[in-house]
Amino acid sequence: MHRDRPDDVTDPLLWRLGLDIADAHAPAEDGGCAHLLCAGQEWPCAPWQQAQRALSLARGGSADAPQAPARQTGWSTSPALPSRATEHGRRDSAA
């Protein structure tokens, strides 16, 4: 697991938690969030955005960094920061 983490990560626990949340809140085929707690919400949902913030903070980013926009017209296959779904393939998560 350590080998998948970028060298500039200063908080490994926060990084791992951010990946778990980002993976659980990946975009669904219908353009919404795949997580059951976000049913009916468009992606990127608030938890996914917070996970991106956690990933940034884990790499020494600023707590005041701007967050991703609440609404997008489409989603890219390359999120701002990685999720476990992009690094290890999609798998179910309880996060």
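A quick note: this is a predicted structure, and the numbers were derived from the prediction, not measured.

Student: Residues and numbers for the pattern of salt bridges, please.
Tutor: Under the defined criterion, the tally for this structure stands at one salt bridge. Between Asp8 and Arg59 there is a salt bridge; the shortest N-O distance is 2.9 Å. Residue Asp8 is located in the segment before α1 (12–24), and its partner Arg59 is located in the loop between α2 (46–58) and α3 (84–88); the two are separated by 51 residues in the primary sequence. On the accessibility criterion, Arg59 (31% relative accessible area) is partly exposed.

Student: Let's hear about α2: which residues, and what values?
Tutor: With 13 residues, α2 should cover 18 Å at 1.5 Å per step; its first-to-last C-alpha distance of 18 Å lies within 8% of that length. For α2, every residue scored as buried is listed here: Trp48, Gln49, Ala51, Gln52, Ala54, Leu55 and Ala58. At the exit of α2 stands Gly60, carrying a positive phi of roughly 90°.

Student: Explain the confidence of the model for the protein to me, and be specific about the residues and the numbers.
Tutor: With 62% of its residues at a pLDDT of at least 70, the protein reaches an overall mean of 76. This stretch, residues 69–79, has a pLDDT under 50; its non-local contacts, to residues over four places away or in other chains, come to 13 contacts. This model gives residues 86–95 a pLDDT under 50, and the stretch forms 21 contacts once residues within four places in sequence are excluded.

Student: Could you give an account of the environment of Gln52, with specific residues and numbers?
Tutor: Tracing the sequence through the fold places Gln52 in helix α2. Look at Gln52 and you get buried, because its relative accessible area is 7%. When the C-alpha atoms of Gln52 and Gly18 are compared, they prove to be 6.7 Å apart, with 34 residues separating the residues in sequence.

Cut-offs used in this document
In every chain, residue numbers begin from 1 and rise along the written sequence. Totals for whole chains, interfaces and linings use every residue, but because this is a predicted model, local features are given only for residues with pLDDT of at least 70 and side-chain atom pairs only at 80 or more, for both listing and counting. Hydrogens are left out, water is left out, and the side-chain values use all remaining heavy atoms of the structure. Any carboxyl oxygen of Asp or Glu that lies within 4 Å of a side-chain nitrogen of Lys or Arg is treated as forming a salt bridge with it. We count a stretch as a helix when DSSP gives it H or I for four or more residues in a row; a strand needs E for two or more, and each element gets its number in order from the N terminus. Burial status follows relative accessibility: with a 1.4 Å probe on protein chains alone, a residue under 20% of its type maximum counts as buried, one over 50% as exposed, and anything between as partly exposed. Multiplying 1.5 Å by the residue count of a helix minus one yields the expected span of that helix. For every residue, the predictor states its confidence as a pLDDT score lying anywhere from 0 to 100. Contacts were defined at the residue level, with two residues in contact if any of their heavy atoms lie within 4.5 Å.

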